[in-house]
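Summary of structural features
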Amino acid sequence: MKQQRFRFRVMAFLLIALLLLAGGYGVYSVSTYGSRWFGSSYNTRYRAAKKTVIPGDILDRNGVVLATADEEGKRTYPTGWHTRSAMVHVVGDQDGNVSNTVDSFQASYLWGFETTLEERIEALRTGEKRRGDNVTLTVDSTLQTNIAAAFANLENSKGKAGAAVVMNYKTGEVLALLSVPTFDPLGSMDAVKDDPQHPFWNRAVQSVQAPGSTFKIITAVSTLQNLADAETHLFDCSTGATMIMDQIIRDYGYEHHGMITLEKAFQVSCNNSFAQAALLIGDKNLKKTAEAFGFNDNFLFRDLVVENSRYPTQNRNDFEVAWSGAGQSQVAATPLHMCMVAAAIANDGVMMEPRLLMKVNSPAGVQRLGFTSKVYSQACTPELAAKVEGYMKNVVTKGTGKAAAVEGLSIAGKTGSAEGSIDGRYVTHAWFVGYIDDPAYPYAVSVFVEEGASGGKAAAPIAHEIFGWLTGQ
Amino acid sequence: MSRMNARQQAAWEKRKVRRQPERRLVAVEMLFFFSAFLLISLKEKVDFVGLLLAFVVPALIFVATIWMPRFFPADKLLMAIVNFLCALGVLILYSTDGDAGTSRGFQQALYYGLGLIAMLICILLVRYVRRWRVLIWIIAVGALGLIALPLAIGTEINGATNWIRIGSTSLQPSEVVKIALVLILSYFMSRRKLVPWLGFVGLCMGVLMLQKDLGTALIYYCTGLILFYVSTGNLALTGVGLLGAGGAAILGYKMFAHVKRRVAVWRNPWQYYETSGYQIAQVLMAIASGGLLGVGLGLGAPRVIPVYFTDCIFAVICEQFGVIFGILTLVMYAIIIIRGVSTAVSARRGFHALIAMGVTAMLGIQTFIIIGGVLKLIPLTGVTMPFVSYGGTSMVSCMGLIGLLQGVHSLNQDDLSYDYEISRTLAQQAGLQLADE
């Protein structure tokens, strides 16, 4: 009987532990994913709130009102056509065609779900329609409009789809988050809907693409980490091709570079050398470094919903590993994430969490919340970052990224020409990631041009323009 | 008592009243529900059903927690909590009725009353029936007949054939059989009769499998396993039982596409939003919309959640009252478990101890399965949330189970006061005075 009583108590403990587990898990998941669930485009609740609440304004970092609402609570976009089109993927449109925009993801603020009890009572007393909070973003709408114009006007990116991201590598503040093609949120959606380039898609955070040679930043870090003689080792690119498992690794345009060091290989973006490097350090080490830079992680940024990046873990053979060293073979990342990679190198290996929200003010103008910067991860040591920074500067001064250089600025960068496919068609996407090495202008940039063919020709010139605007030249 | 004078008698009575902190708890409870029903019924235009409920529901609480315990010693804290949950169910259902044209709140109030009657019957059953030997076999045969009935004349609802229709009302026999299951398993186990024990569990499981009622089958199985463990203490065989269940789960996953899909939906409901992930995605959005403190009683959009009135009612609670309140609801279930097990521990007879444990295990497992499912800790299985979910059979079975528990508790109290009388007599004979006087 006594033992039986002991077993009763054990079962009580077990059952209560199960219930507490459920409760604890519930609290954990609501606090972690709650805003994502709430902001989901499927959530009909804030559409219901539209009847009783006038949504708050969305402002850019300089106070430009990007979105407001009329007395009925209907969204309007008071900026000019160029700006409101360029900003549409960040701000959102009336029908919610773009997913996870500020308008939907920050709905809890904009639709007044965070108002205090006193404010609700006050609204009841005055009998006015309740107003949501005003949200100030970190983006600079002028800069983003300029980038959109550059995208549309420069010869090698004209008419092409793509994305551009600018962020402050010290704080993680996102200054521009452009996805091309843009569309006018006040215009007719019928033509936009059928556009084969899918303008509703926010490529900056949703397009997970092979990063191509821009991934060599990570391969270089990993090689320096894991290969004892990394800086003196000579890689063989005398024929311009490497045979692995009876398949050929070749360089862009079948160039051959001879016997070269890692530094030189980085500068000329030699696929053969990086394929050999990847095989020398091994899949496991390369994967480890990539994961330190955020690959395979479940991105749960506070302000942004970003598709996860991939470093493949299945079907690995030498050929696949070799191509991974050059950022191909199922390695994939978003333009925003590649911007974070460059920013981490710039910030002594410290990767900052990207931020889109500067502050939230109540309708009465009282600041409800200020937001702070947060470190996302320590991607690599400051020494390694400094070495790779040197390589990246070579790329801009004398390598493949010369088009990004700006007179008088110390710019580091890496180009990429990544092979991908659109609807079964083989295409080459152009990439450029880089940053200004100057404490006064702590900005990292990532440019992605779909079917841009060559990173140095299509993406780097846009980055060149961006660097110019950022520094006021 | 006879030695007390009138003054002492009065002081004793007063002390007895003061010793009932539950009265205050019940008063707060009644006030809470009175004002809540009043609030909703007067919101737009006066709703007379709501006004009626504002009086009926507190009256039911009063009857169950203050009036009923006058006739036998009851666990009043347990009673207060169970009645709170029942009334909460009525309130939530009434608040979601709104302009939808349903009258589930009123229905549920009737079921609540029915549940109280079921509870009373079960209390009387445990308290006054002394000879179970024949009765238990009658119950066993009756229960098996009842649970198998849907196979013959059942209707399929939500993929499971576990309902029977009588006229305009539908019944779920597997719910009512839960009461019988606890009685039968406890009886056979306390008499160490393993063959009929296994036979009954096996037959019930087989029938439930045929009806594709996996959630209920899981509850039956876990209750049986827990009762087996606590009465025999045989860890090895319990482990075999657990492994068997695990193996069956893996086999089911490998063999049946719909089980696979359910697991996939559990892992990422958003991917299947358009089809089978819809329900859990809506549940998660509702919970997230409530936040910590909830959107408020009668507000929010609970009706977009599929089966918000039964399986997913916990999500509605979280949306309207907030996550904190949801956790407190869980704590109430935890208190039910604690009271149940302490009743089991202080029971004098093996049969009664196992009844109390069986009831506790069954309610605990069912609560975990549904709340864990709603919070996405485990795949969502369609079982009701005890006391709260809409439904007459569920209410009757849960209140009946609580009746069994209260019956055991009242017997324990009787035994205690009997002990007290004996020690008092002995003390008097020895010329001592007890500290309590």
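Residues numbered from 1 in each chain as written. Chains lettered and ligands numbered in written order. Predicted model: local features only at pLDDT ≥ 70, side-chain atom pairs only at ≥ 80, totals over all residues.

On to the overall build of chain B. From N to C terminus, chain B includes 16 helices and three strands. Across its three principal axes, chain B shows a C-alpha extent of roughly 80 × 60 × 40 Å. Taken across its 437 residues, chain B has 48% of its residues classed as buried. Of the contacts made within chain B by residues no fewer than 6 positions apart, 68% connect residues no fewer than 24 positions apart. (Helix = DSSP H or I, 4+ residues; strand = E, 2+ residues; numbered from the N terminus. Buried ≥ 20, exposed ≤ 12 C-beta atoms within 10 Å, placed from the backbone. Contact = placed C-beta atoms within 7 Å.)

A tally of helices and strands in chain A yields 18 helices and 19 strands. A compact globule built from 473 residues would reach a C-alpha radius of gyration of about 23 Å, and chain A, at 25 Å, matches this within 12%. By its C-alpha atoms, chain A is 80 × 80 × 45 Å across when sized along the principal axes. (Rg over C-alpha atoms; globule rule 2.2 N^0.38 Å.)

This part is about the environment of Ala275 of chain A. Residues and elements named next belong to chain A. Mapping Ala275 onto the fold places it in helix H13 (residues 271–281). Using a count of 27 C-beta atoms within 10 Å as the deciding quantity, one classes Ala275 as buried. Here the alpha-carbon distance between Ala275 and Phe151, two residues 124 residues apart in the chain, equals 32 Å. In contact with Ala275, other than residues within four places in its own chain, are Thr242, Ile249, Ala322, Trp323, Gly325 and Ala326.

Right, let's get into the domain arrangement of chain B. Residue and element names in this part refer to chain B. According to the domain assignment, chain B consists of domain 1 (1–128 + 289–437) and domain 2 (130–255). On a C-alpha basis, the centroid separation for the pair domain 1 and domain 2 is 25 Å. Counting residues at the interface gives 23 residues for domain 1, matched by 25 residues for domain 2. Within the residue set of the side of domain 1 that touches domain 2, elements represented by two or more residues are helix H15 (350–374) and helix H16 (392–430). Examining the composition of the side of domain 1 that touches domain 2, we find that twelve residues originate from one element, H15, more than from any other. Grouping the amino acids of the side of domain 1 that touches domain 2 by side-chain chemistry returns 14 nonpolar, nine polar and no charged. (Domains from an automatic or database assignment. Nonpolar A, V, L, I, M, F, W, Y, C, P; charged D, E, K, R; others polar.)

A separate point is the sheet that holds strand E15 (residues 367–370) of chain A. Taken together, six strands build an open sheet; the order of strands is E4-E3-E2-E6-E14-E15 (chain A) and the sheet is mixed. Either end of the sheet is taken by a strand with one partner, and the two such strands are strand E4 (75–76) and E15 of chain A. (Pairing = 2+ DSSP bridges.)

Here we take up unusual backbone geometry. Note the cis peptide between Val180 of chain A and Pro181 of chain A, where omega equals 0°. Locating Pro181 of chain A in the fold gives a position in the loop between strand E8 (174–180) and helix H9 (189–194).

Moving on: the interface of chain A and chain B. Counting residues at the interface gives 29 residues for chain A and 37 residues for chain B. At the level of secondary structure, the elements contributing two or more residues to the side of chain A that touches chain B comprise helix H1 (2–39) and helix H2 (45–49) of chain A. Here the element with the most residues in the side of chain A that touches chain B is H1 of chain A; it accounts for 23 residues. Across the side of chain A that touches chain B, the residue classes break down as 16 nonpolar, nine polar and four charged.

Another aspect to go through is the pairing of strand E6 (residues 134–137) of chain A. All names here are of chain A. Here E6 shows a buried face lined by Asn134 and Thr136 and a second buried face lined by Val135 and Leu137. Two elements, strand E2 (residues 58–59) and E6, share two bridges in a ladder whose sense is parallel. In the strand pairing of E6, Ile58 is matched with Val135. As judged from the four bridges shared by E6 and strand E14 (residues 357–361), these two strands associate in the antiparallel manner. From the neighbouring strand, Leu137 faces E14, where its bridge partner is Leu357.

Turning to the sheet that holds strand E17 (residues 411–422) of chain A, a few remarks are in order. All names here are of chain A. Taken in spatial order, the five strands line up as E8-E7-E19-E18-E17 in an open sheet, and their pairing is antiparallel. Looking at which strands have only one partner, the edges of the open sheet turn out to be E8 and E17. With strand direction ignored, the average angle separating the axes of adjacent strands in the sheet is 10°. As paired elements, E17 and strand E18 (residues 425–436) share twelve bridges and run antiparallel to each other. When the bridges of E18 are listed, Gly413 appears paired with Gly434. Sheet contacts for helix H17 (residues 382–398): E17 and E18; angle to E17, the most-contacted strand, approximately 80°. (Axes fitted to C-alpha atoms, helices over the stretch in contact; angles between N-to-C directions.)

Attention now moves to the packing of helix H9 (residues 214–232) of chain B against H15 of chain B. Residue and element names in this part refer to chain B. Where H9 meets H15, the axes come as close as 9 Å, and the angle between the chain directions of the two elements is 140°. Classified by the interaxial angle, the pair formed by H9 and H15 is oblique. The handedness of the crossing between H9 and H15 is right-handed. Residues Gly215, Leu218, Ile219, Cys222, Thr223, Ile226, Leu227, Val230 and Ser231 of H9 pack against Leu354, Met357, Gly358, Ala361, Met362, Ile365, Gln366 and Ile369 of H15. Among the residues making up the contact of H9 with H15, the classes are represented as twelve nonpolar, five polar and no charged. (Parallel < 35°, antiparallel > 145°, perpendicular 65-115°, else oblique. Left-handed = near helix turned anticlockwise from the far one by under 90°.)

All names here are of chain A. Pairing of E2 with strand E3 (residues 65–69), which is carried by two bridges, proceeds in the antiparallel orientation. Across the sheet, Leu59 pairs through a bridge with Val65, a residue of E3. Joining the antiparallel neighbours E2 and E3 is a turn of five residues, in which Gly63 adopts a positive phi near 90°. For E3 and E4, the ladder comprises two bridges, and the chain directions are antiparallel. From the neighbouring strand, Thr68 faces E4, where its bridge partner is Thr76. Between the end of E3 and the start of E4, which pair antiparallel, lie five residues, with Gly73 showing a positive phi angle near 95°.

Running from N to C, H1 of chain A and helix H12 (residues 278–290) of chain B point in directions that differ by 105°, and their axes come no closer than 8 Å. Classified by the angle their axes make, H1 of chain A and H12 of chain B are roughly perpendicular. Across the interface between the two elements, Val30, Gly34, Trp37 and Phe38 of chain A from H1 of chain A touch Leu284, Met285, Ile287, Ala288 and Ser289 of chain B from H12 of chain B. Each residue belonging to the contact of H1 of chain A with H12 of chain B can be placed in one class, and the counts come to seven nonpolar, two polar and no charged.

Turning our eyes to something else, we now look at the environment of Glu173 of chain A. Residue and element names in this part refer to chain A. Tracing the backbone through its elements, the reader meets Glu173 in the loop between strand E7 (162–168) and E8. Along the chain, Glu173 and Arg355 lie 182 residues apart, while their C-alpha atoms are 4.7 Å from each other. Among all residues touching Glu173, those that are not within four sequence positions of it are Thr138, Met167, Asn168 and Arg355.

Formed by 272 residues in total, the largest nonpolar core has its most connected members in Val165, Cys339, Ala343, Val445 and Ala459 of chain A together with Met357 of chain B. Per-element accounting of this core gives the leading share, 15 residues, to H15 of chain B. Counting contributing residues, this core receives three or more from each of domain 1 (1–128 + 289–437) and domain 2 (130–255) of chain B. Setting aside its immediate chain neighbours within four residues, Met357 of chain B contacts Phe8 and Met11 of chain A together with Leu227, Val230, Val341 and Ala344 of chain B. (Core = buried A, V, L, I, M, F, W, Y, C linked by C-beta atoms within 7 Å.)

With that settled, the discussion passes to the environment of Ile244 of chain A. Residue and element names in this part refer to chain A. By the element assignment, Ile244 lies in strand E10 (residues 241–244). Residues Ile244 and Asp318, 74 residues apart in the sequence, show an inter-C-alpha distance of 6.9 Å. Among all residues touching Ile244, those that are not within four sequence positions of it are Ile249, Asp318, Phe319 and Ala322.

Another point: the confidence of the model for chain B. Per-residue confidence for chain B averages 88 on the pLDDT scale, and 93% of its residues sit at or above 70. With a pTM of 0.77, the predicted complex shows an ipTM of 0.90. (pLDDT = per-residue confidence, 0-100.)

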